[in-house]
Amino acid sequence: PTVGVVRESNDGERRVALVPKIVPSLIGKGLDVVVEPGAGEAALIPDEAYAEVGATLGDAWAADVVVKVAPPSDAEVARLRSGQTLVGFLAPRNADNQIGALTAAGVQAFAVESIPRISRAQVMDALSSQANVAGYKSVLVAASESTRFFPMLTTAAGTVKPATVLVLGVGVAGLQALATAKRLGGRTTGYDVRPEVADQVRSVGAQWLDLGIDAAGEGGYARELTDAERAQQQQALEEAIKGFDVVITTALVPGRPAPRLVTAAAVTGMKPGSVVVDLAGETGGNCELTEPGQTVVKHGVTICSPLNLPATMPEHASELYSKNVAALLELMLDDNGALAPDFSDEILDGACVTRSKENA
Ligand code: NAD
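Residues numbered from 1 in each chain as written. Predicted model: local features only at pLDDT ≥ 70, side-chain atom pairs only at ≥ 80, totals over all residues.

You'll find the protein chain entered in an unreviewed UniProt entry as proton-translocating NAD(P)(+) transhydrogenase, with Rhodococcus zopfii given as the organism. Taken directly from UniProt, the Catalytic activity (unreviewed entry) text for the protein chain runs: "NAD(+) + NADPH + H(+)(in) = NADH + NADP(+) + H(+)(out)". Per its UniProt entry, the protein chain bears the Function (unreviewed entry) comment "The transhydrogenation between NADH and NADP is coupled to respiration and ATP hydrolysis and functions as a proton pump across the membrane." (UniProt positions renumbered as here; feature names shortened; annotations may be inferred.)

Caption draft 1: The packing of helix α5 (residues 126-145) against helix α10 (residues 314-332), seen in detail. Interaxial distance between α5 and α10 falls to 9 Å at its minimum, and their mutual angle equals 165 degrees. Looking at the two axes, α5 sits roughly antiparallel to α10. Crossing hand, α5 versus α10: right-handed. Across the interface between the two elements, Ala126, Ser129, Gln130 and Val133 of α5 pack against His316, Ala317, Leu320, Tyr321 and Asn324 of α10. (Axes fitted to C-alpha atoms, helices over the stretch in contact; angles between N-to-C directions. Helix = DSSP H or I, 4+ residues; strand = E, 2+ residues; numbered from the N terminus. Parallel < 35°, antiparallel > 145°, perpendicular 65-115°, else oblique. Left-handed = near helix turned anticlockwise from the far one by under 90°. Contact = placed C-beta atoms within 7 Å.)

Caption draft 2: Representation of the nonpolar core. By size, the foremost hydrophobic cluster in this structure holds 104 residues, and its most contacted members are Val5, Leu18 and Val33. Contact partners of Val33, with chain neighbours within four places excluded, come to Val3, Val5, Leu18, Val23, Leu26, Ile27 and Ala55. (Core = buried A, V, L, I, M, F, W, Y, C linked by C-beta atoms within 7 Å. Buried ≥ 20, exposed ≤ 12 C-beta atoms within 10 Å, placed from the backbone.)

Caption draft 3: Just the sheet that holds strand β4 (residues 65-67), in detail. Read from one edge of the open sheet, six strands run β3-β2-β1-β4-β5-β6, paired in parallel fashion. Of all the strands in the sheet, the pair left with one neighbour each is β3 (56-57) and β6 (108-111). Taken together, the three bridges between strand β1 (residues 2-5) and β4 define a ladder with parallel strand orientation. Within β4, the residue paired with Val3 across the bridge is Val65. (Pairing = 2+ DSSP bridges.)

Caption draft 4: Just the site of the ligand, in detail. If you check the shell around the ligand, you find 31 residues, and the closest are Gly169, Gly171, Gly220, Ala222 and Ala251. Of all elements in the fold, only α5 and α6 (172-183) reach the threshold of two or more residues within the shell around the ligand. Taken together, the residues of the shell around the ligand sort by class into 19 nonpolar, eight polar and four charged. (Near = placed C-beta within 6 Å. Nonpolar A, V, L, I, M, F, W, Y, C, P; charged D, E, K, R; others polar.)

Caption draft 5: Layout of the pairing of strand β10 (residues 187-191). Across the five residues that make up β10, a large majority, five, are buried. Residues Arg187, Thr189 and Tyr191 line one face of β10 and the alternating positions Thr188 and Gly190 line the opposite face, and both faces are buried. Taken together, the five bridges between strand β9 (residues 164-168) and β10 define a ladder with parallel strand orientation. Bridging across to β10, Val167 finds its partner in Gly190. Note that β10 and strand β11 (residues 207-208) share two bridges and pair parallel. Bridging from a neighbouring strand, Gly190 pairs with Trp208 of β11. A crossover links β10 with its parallel partner β11, the connecting element being helix α7 (residues 197-203), and its sense is right-handed. (Right-handed = clockwise from strand over helix to strand, strands pointing away.)

Caption draft 6: Representation of helix α8 (residues 227-241). Between its first and last C-alpha atoms α8 spans 20 Å; for 15 residues at 1.5 Å apiece the expected length is 21 Å, and the two agree. When we look at burial in α8, the residues that qualify are Gln233, Leu237 and Ile241. The arc enclosing the buried residues of α8, seen along the axis, measures out at 55 degrees, which places them on a common side. Within α8, the exposed residues directed more than 90 degrees away from the buried face are Asp227, Ala228, Ala231 and Glu239. Structurally, α8 contributes buried residues whose contacts are with β9, β12 (246-249) and α9 (264-269). (Expected span 1.5 Å × (residues − 1). Arc of directions from axis to C-beta.)

Caption draft 7: Up close: the environment of Leu44. Tracing the chain through its elements places Leu44 in the loop between β2 (32-35) and α2 (47-52). For the pair formed by Leu44 and Val276, sequence separation is 232 residues and the distance between their alpha carbons is 31 Å.

Below is the structure:
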């Protein structure tokens with residue numbers, strides 16, 4: 001089978017679905033890799049780098065399996081034909097996704113977001129690999145917007161206290177944010193509604209903020225809070241947030257608008273010059289004053305809501321994503337190297353979003 005690596009067309013998307021480094025192992029599995037000229041350009045990967053490892057440059061859209069990063073546009077869906085397979089982020093929970101169009105076109109589509117979060121699938125878990133990038137970069141954004149140092153500095157001109165950093169929502173991105181802020185010398189605290197996170201927070205040298213709300217939900221995710229819990233949480237956080245120089249928020253509930261953790265009143269309570277980095281902008285934001293995709297200053301506090309941070313680090317984000325995609329591709333091959341996804345495997349069954357489960 002052929003695997004087509006296409007050039008991303010979304011604004012600002014600099015990642016590529018497969019980097020040259022991963023190509024030899026795919027070829028070793030019997031796959032032919034076809035790369036659209038320029039596919040790696042935004043990630044600073046020249047076409048020649050693909051050619052050197054045995055890929056061909058050509059019409060990647062005609063391949064048996066097309067691998068992508070961002071969800072396809074209308075024009076991209078129109079380039080696919082019946083019987084082809086597509087692998088990528090397909091935003092299955094977004095109302096405006098293309099899954100209906102892909103199904104109608106007869107394309108077999110695998111959404112990396114729908115891969116079950118089980119141990120065996122960790123190597124394919126693109127949500128996690130990209131959340132690591134976002135969590136890391138969120139801290140750099142905060143540090144660069146901050147009017148203060150992160151580390152404690154002892155200089156001849158006096159001593160500077162370390163920045164206090166609060167991370168709200170400690171999944172994969174939040175944990176990486178805590179670890180990164182710690183490495184920069186910040187004094188870190190983490191908060192989540194899943195109590196099992198407390199040990200992970202402590203393991204990266206952060207304090208655990210306990211507000212007494214347990215909202216562990218299905219499949220390792222959080223559930224949405226009740227109105228009473230939300231009010232209690234917002235009020236408690238209003239008090240807690242006052243003392244922090246930097247607040248990074250990553251709280252998400254699958255398929256729901258981002259929970260509002262940081263109220264306007266909480267922002268008002270922060271010292272001028274403090275920074276909020278809200279990673280939940282795509283689903284409305286965790287902070288009431290967030291303007292998705294923008295950096296705004298409100299009450300002297302800088303509130304950043306960068307979208308698609310992984311695309312700002314295309315080299316390593318693509319490298320990690322490639323590993324995820326390659327592992328999923330390998331799982332789709334049968335013993336003879338033919339493309340024959342076995343839908344009795346819960347990973348493939350879960351990830352395939354264009355197959356009617358009734359006919360399974
Ligand atoms: P996510 O991006 O869906 O959410 C980020 C965090 O926000 C979560 O920790 C969630 O508990 C928290 N949150 C939601 N509502 C909140 C609220 N009102 N207040 C405070 N925090 C709130 O999470 P994720 O990073 O995708 O991780 C989800 C789960 O999947 C975790 O349990 C993670 O450990 C697990 N996971 C498992 C595997 C695996 O075993 N293969 C791999 C990766 C992640």
